[in-house]
Amino acid sequence: MCGIVGFTGEHQAAPILLDGLSRLEYRGYDSAGLAVRDGEKQPEVIRAKGRLKVLAEKTDNGVAVLGTCGIGHTRWATHGEPSVTNSHPHMSDDGNVIAVHNGIIENYQELKDKLIRKGYVFHSETDTEVAVKLVDYYYKKYEGTPVDAINHAMVRIRGSYALAILFQEYPEEIYVARKDSPMILGISDGESYIASDVPAILKYTRNVYYIGNLEMARVRKGEITFYNLDGEEIQKELKTIEWDAEAAEKAGFEHFMMKEIYEQPKAVADTLNSVLKNGKIDLSETGITEEIIREISQIYIIACGSAYHVGTAAQYVLEDLTGIPVRVEFASEFRYRKPIMDPKGLAMVISQSGETADSLAALREAKELGVRTVGIINVVGSSIAREADHVFYTLAGPEISVATTKAYSTQLMAVYALALQFALVREKITEEQYEKYIAELQTIPEKIQKILEDKERLQWFAAKQANARDVFFIGRGIDYAISMEGSLKMKEVSYIHSEAYAAGELKHGTISLIEDGTLVIGVLTQPELYEKTVSNMVECKSRGAYLMGLTSFGNYNIEETADFTVYIPRTDPHFTTSLAVIPLQLIGYYVSVARGLDVDKPRNLAKSVTVE
Ligand code: F6R
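Residues numbered from 1 in each chain as written. Predicted model: local features only at pLDDT ≥ 70, side-chain atom pairs only at ≥ 80, totals over all residues. Heavy atoms only, no water.

**Student:** Explain the site of the ligand here, please?
**Tutor:** The full set close to the ligand counts 14 residues, and Ser351, Gln352, Ser353, Thr356 and Glu492 are the nearest of them. One nitrogen or oxygen atom from the main chain of glutamine 352 is found 2.6 Å from an oxygen atom belonging to the ligand. Within the side chain of lysine 489, a nitrogen or oxygen atom sits 3.0 Å from an oxygen atom of the ligand. Isolated, the ligand exposes 410 Å² of accessible area, and the fraction of that covered by the protein chains is 89%. (Near = heavy atom within 4 Å. Polar contact = N/O pair within 3.5 Å; in protein donor to acceptor, adjacent residues only side chain to side chain. Areas by Shrake-Rupley, 256 points an atom, 1.4 Å probe, with all protein chains shown as cover.)

**Student:** Could you clarify how one ought to interpret helix H5 (residues 146–156) in this entry?
**Tutor:** Since the α-helix turns once every 3.6 residues, residues separated by three or four places project in the same direction. If you check which residues of H5 are buried, you get Pro146, Val147, Ala149, Ile150, Asn151, Ala153 and Met154. In the core, the buried residues of H5 are packed alongside helix H4 (127–142), strand E7 (159–167), strand E8 (174–179), strand E12 (215–220) and strand E13 (223–227). (Buried < 20%, exposed > 50% of the residue type's maximum accessible area, 1.4 Å probe, protein only. Helix = DSSP H or I, 4+ residues; strand = E, 2+ residues; numbered from the N terminus. Contact = heavy atoms within 4.5 Å.)

**Student:** Would you explain the environment of glutamate 40 in this entry?
**Tutor:** Its location among the elements puts glutamate 40 in the loop between strand E2 (31–37) and strand E3 (44–49). Sequence spacing of glutamate 40 and glycine 144 is 104 residues, and the spatial spacing of their C-alpha atoms is 20 Å. Residues contacting glutamate 40, with those up to four places away along its chain left out, are Gln168 and Pro171.

**Student:** Looking at this model, I keep getting lost on the domain arrangement of the protein chain. Mind explaining?
**Tutor:** Buried accessible area, meaning the area lost when the parts come together, often serves as the stated size of an interface. Here the protein chain is described as being made up of domain 1 (3–247), domain 2 (252–442) and domain 3 (452–612). A separation of 42 Å is found between the C-alpha centroids of domain 1 and domain 3. Taken residue by residue, the interface counts 14 residues in domain 1 and 12 residues in domain 3. Buried surface at the junction of domain 1 and domain 3, summed over both partners, amounts to about 1000 Å²; 53% is from carbon and sulfur atoms. On the domain 1 side of the interface with domain 3, the three residues burying the most area are Tyr26, Tyr29 and Trp76, jointly 48% of the side's total. Linking domain 1 with domain 3 are 2 salt bridges, by the criterion used here. Applying the counting rule to domain 1 against domain 3 returns 4 residue pairs in polar contact (both at pLDDT 80 or more). Per-element tally for the side of domain 1 that touches domain 3: the top contributor is strand E6 (residues 97–105), with 3 residues. Across the side of domain 1 that touches domain 3, the residue classes tally to 5 nonpolar, 5 polar and 4 charged. (Domains from an automatic or database assignment. Buried area = accessible area lost by both parts, 1.4 Å probe. Salt bridge = Lys/Arg side-chain N within 4 Å of Asp/Glu carboxyl O. Nonpolar A, V, L, I, M, F, W, Y, C, P; charged D, E, K, R; others polar.)

See the structure below:
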């Protein structure tokens, strides 16, 4: 969903813009571009198809581009194929308005037709060029300020946008506007920064403003003024980002994915400790009181991708511990389903970025229906965090790799903490059980660490499987939820087709795909379901499958059945997802490396999915 950056200050802009874009490349990486302005001169616009390094080479890492004010973009194509012509920045024909954009303009065709009638000519297939020319049109029509022109354009645009715009008559200034696409503005010592996400500017400043929906800003050197949709000036509070700058660097690891896999013990411990006070879970920061907990009649978990997989595991844990019925839904389905919700229900939206378009829309839908909402969110100040009634912040720190690992693990921890507290308050577990569960949760970080220390076997196994054509992950109950995440990790970074199946379902059709050598990974962490899943694994073996078993130490003798076995430390069955997912993340990672792929930036993907 594209990354945008902007800078105006005393330093040369292009190297800062390229550095910022390099930290946003996870948001899109099919083309990139810059517009940099040197004083009053016409901005220089440089665009390149392909990874950011092509643009960096073209500009000698930015050194060849003079000027102290500029905007930059890294693209994930929506309208129009990746090409130089479709790359941002886009500009009006006379260069009066130049902009970069993240989002989707839904009524772009209608606006484009109108502008063509007014004499505008279009060169690209993008919706962004329409936005640029619309702003130019209103700027010239009303002869007002840039804020007036953007304002007029905003009320006509349907869809989502984070726009950073240069106006010919306003050197050293950048104008921004936002609706439903992320954007932060940073400030330090006479310099100002614009970015889609925190890591892009963390090296330069921790002081940021969060621009709200349907708001605009005029960005000058070290000075930012905000406006509402009526063009009136509004005040914003300057906030401090707590993440440390090193967290967004690779720190000696070859890939962010591996670094983030390794950060899991700390991230999980930090998230748990953030709500542990004197050995008890304290939800006061989230605003979820005991009275609220007692009232909940139903929990609706809504999320996308891996966050949805957290929800599928959470469903078992929450229902079992709290007795509250739980429903888990893809945000993209929920939002158009016309859901029937119990007013005493709790909608739990899980999202790392807090900006996923479908999850945000689902949150709004739930609020509209009068249901209390809680966000389990990693990015502080993100849209879902701001709009949810309650927020439980996960402390994963910045997650750069497109494939999530540590955010997923911290989301699980957040869900466990909520489940235990709900169970205690609703008297479904005793104080003694509660304390035992908490003590068990406290051992999870060191158990994850133990798995990481024994990764060589997994590397060997992954190298052997690097040419697999299909992989099936099977399990029952929580093991099915684990299988889903294992399968997604495998396919998204290794491009090997994989599927997760509820183990008992395979024989209802899919088993016809099993042939000699097909890899089937059986997840076996739930004592009550172990034998059932083993039977399903044996059914696959009889049809030629090569079996891997993933189970807890000392529990069972799976080695008689499986061709390759991976053991994880023992824990309470409710919490096994936190451990079982680690070898599966590692296998996905190592298969991707063995196939020589770009682990951190898999093809066609983007980290923060801010379009539908
Ligand atoms: C997969 C992955 C995605 C995200 C999904 C939701 O590795 O990272 O499936 O989990 O796009 O993103 P957030 O959590 O930002 O809402």
